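Summary of structural features
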Amino acid sequence: MLKTLLASTALVVALTLPSLASEAEPSYDSYKSWFVACDNGLACQARGFGDDGSAESPDLNVARDAGPDAKAIVTLSLPFAADARDLRVDGAPLTLADEAWEIQREDGFTTLSLTGDEAIATLIAQLRDASTLQTNNPEASVPLEGFVAALLRMDDRQGRIGGVTALIRKGKTPASAVPPAPELPAAPKYKPGAPLKAGEDAALLARARKDLAAILTSEDCSADMPSDIDSSEAVALDETHGLAFIACNMGAYQGSSLVAIVPRAEGNAAEIFRPSLPIREDDFDTVALTEPGFDPDTGTLSMSGRGRGLGDCGLSAEWVWDGTHFQLTGGSYQMACGGSQPGDWPTVYRSR
C-alpha cells in the first residue's frame, strides 16, 4: 500500500486558505530537499535533510502554529555529539551567538533549538541564499535547496505573506491581520458494547470473508496465508456491530488487512471500511490498511504504514467509531524518507 502511496515525487494539496470557522485542508508539499506539512488547524512544519539511506542524517525543522501570536520554533536534530559553534554555512562559521541556542544532549544525540524571533530571523538570513548547513561531522549536513520555498509555503498557508510575522516575504501588514487558527473538529464519544460471546468472533469473521469475497480478490489478498502469520480476527465494536480484520498480505516488515464492519445479528451483510485519509493522494487505490489495530476502550481504529523498514517515512491514521461510522480523528504523513528521527512524521490531521 505504502509503495503506491509514496510513489509520486511531489504532493500538492489544496492551496486555498479556509474560512475561519472551519478546519483547513491538510497539505504536504515537496521542494527539492525540503518539504512542508500543514495540518487541518494550519499548524505547519518545514523540514529538510539529506537521505543517505540511514537513520543518522541531521535534520532541520521549522515549526509554527497558526494565528497572529504564534511563534516559530527551529530545531536542529543531530544523531551525534555537537555544539552550536560547530555549525557552518557553506564553509563559513554561522554567526549566531551560542547562547541563542537551547541545547539538549541525550545518549549521543544533540538537539539545538531556537525560539527567539530575532535569532530565528538571523538564522534564516544566513541560510536563505546558501546551499548547505554543515556540522562537525563532514559527512553529516543539511541541504538547503528548497529551504526558502518551504518557508514561503508555510507563510502562505498561514496568511502571513507581506506581514511583520512572515519568515520569508516580510511586509508592513500588522500581526493582527493574520487569520486565527481554524477550529478543529470534535472527536466523537465512543460507547462500547458487550464483549463477543463464545464462538461469535469466528462467525463474524466467516461472514466477513464470505460477504467481501470479491474485494479480497480485487485487492489480490493471499488465499493461503500461513496460520502462524495470519492475523485475522473479529472484535466487538458496539452492541450491534463487530469489527473483522481479514489478513490480506504480508511483506518483509509489515502486513495489510481488510477491515469490515459486521452486524452482530444474522442476515445483515458485512461492509468494507473505506478509509478517509488525512492526506489526499490520487495513487492511493486500495482499501487495505497497513498494520491496523483497534482499541476497545476508546473505539479507535488505527493504521501505520512505513515507506521503508527504517520507519523514516510513511502514513498513519486514526478513526473513532461514533455509533454509525468511523470518523477521522488523527493522522501523520511523511513522503520523504530520511532524517534523524524515524517514526516522527509530521501531524497532518488532529481533532479536539
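Residue indices follow the written sequence of each chain, beginning from 1 at its first position. Residues qualify for local features only when their pLDDT is at least 70, as the model is predicted, and side-chain atom pairs are given and counted only at 80 or more; totals for whole chains, interfaces and linings, by contrast, use all residues. Values shown for side chains rest on all heavy atoms present in the structure; no hydrogens or waters enter the calculation.

**Overview of the environment of G255**
The test is simple: In this description a helix means any DSSP run of H or I spanning at least four residues, a strand means any run of E spanning at least two, and both kinds are numbered starting from the N terminus. Partly exposed residues are those whose accessible area sits between 20% and 50% of the maximum for their type, while under 20% is buried and over 50% is exposed, using a 1.4 Å probe and protein chains only.
Tracing the backbone through its elements, the reader meets G255 in strand β14 (residues 255-263). Here G255 falls in the buried class, since its relative accessible area comes to 10%.

**So, the confidence of the model for the protein**
Should pLDDT be low for a region, the predicted coordinates there are not to be read in detail. We apply this condition: For every residue, the predictor states its confidence as a pLDDT score lying anywhere from 0 to 100. Whether two residues touch is decided by their heavy atoms; if any such pair falls within 4.5 Å, the residues are in contact.
With 91% of its residues at a pLDDT of 70 or more, the protein has an overall mean of 89. Per-element averaging of pLDDT across the protein places helix α1 (residues 2-5) at the bottom with 40 and helix α3 (residues 147-157) at the top with 98. Within the model, pLDDT remains below 50 along residues 1-21, and this stretch shows 69 contacts once partners closer than five positions in the same chain are excluded.

**Things to note about the sheet that holds strand β18 (residues 300-306)**
Rules: Should DSSP find at least two bridges between two strands, the strands are regarded as paired. Working convention: axes come from line fits to C-alpha atoms, limited for helices to the stretch in contact. Angles between N-to-C directions cover 0 to 180 degrees.
In spatial order, the strands read β17-β18-β19-β20-β21; together these five strands make up an open sheet with antiparallel pairing. Because the sheet does not close on itself, it has two edges, and the strands there are β17 (293-295) and β21 (347-349). If you compare each strand with its neighbour and ignore which way they point, the axes differ by 20° on average. Pairing of strand β19 (residues 314-321) with strand β20 (residues 326-334), which is carried by eight bridges, proceeds in the antiparallel orientation. Along β20, the bridge assignment pairs E318 with G330.

**Examining the packing of aromatic side chains**
For any two aromatic rings, the description comes down to two numbers: the centre-to-centre distance and the angle of the planes. Put simply, the rule is: Put simply, two rings from Phe, Tyr or Trp (the six-membered ring, in Trp's case) pair if the centres are within 6.5 Å, and we call them stacked under 30 degrees between planes, edge-to-face over 60, tilted for the rest.
For the coordinates displayed, the defined rule picks out eight aromatic pairs. Between Y28 and F35, the aromatic rings sit 5.0 Å apart at their centres with planes inclined by 15°, giving stacked as the arrangement. Members of the aromatic cluster, each reached through a chain of ring pairs, are Y28, F35, F49 and Y333.

**So, the sheet that holds strand β2 (residues 34-38)**
Strands sit in the order β1-β2-β3-β4-β5-β9-β8 across an open sheet of seven strands; the sheet is antiparallel. For this open sheet the edge positions go to β1 (27-31) and β8 (102-106), each flanked by a neighbour on one side alone. Strand after strand, the sheet turns through a mean of 15° between neighbouring axes, direction not considered. Set on the sheet, α3 makes contact with β1, β2, β3 (44-49) and β4 (59-64); between it and β2 the angle comes to about 15°.

**Quick look at the environment of R306**
Here is the rule we go by: Contacts described as polar in this section are N or O atom pairs within 3.5 Å, which, within protein, must combine one atom able to donate a hydrogen with one able to accept it, while residues neighboring in sequence count only if both atoms come from side chains.
In this fold, R306 is placed in strand β18. Spatially, the C-alpha atom of R306 lies 8.5 Å from that of S316, the residues being 10 residues apart in sequence. Polar contacts involving the side chain of R306 include one to the main-chain carbonyl oxygen of Y253, which spans 2.4 Å.

**So, the state of the cysteines**
Definition in use: Throughout, a disulfide means two cysteine sulfur atoms within 2.5 Å of one another.
Per the counting criterion, the structure on display carries three disulfides. Disulfide pairing is shown between C38 and C44; the S-S distance is 2.0 Å. With the S-S dihedral at roughly 110°, the linkage between C38 and C44 falls on the right-handed side. There is no split in this pair, since C38 and C44 are both buried. A sulfur-sulfur separation of 2.0 Å characterises the disulfide bridge that pairs C313 with C337. Between C313 and C337 the sulfur-sulfur dihedral comes to about 65°; the bridge is accordingly right-handed. With C313 in the loop between β18 and β19 and C337 in the loop between β20 and β21, this pair connects stretches of sequence that are 24 residues apart. C313 gets classed as buried once you look at its relative accessible area, which sits at 0%. Listing the disulfide partners of the protein by sequence rank of the bonded cysteines yields 1-2, 3-4, 5-6.

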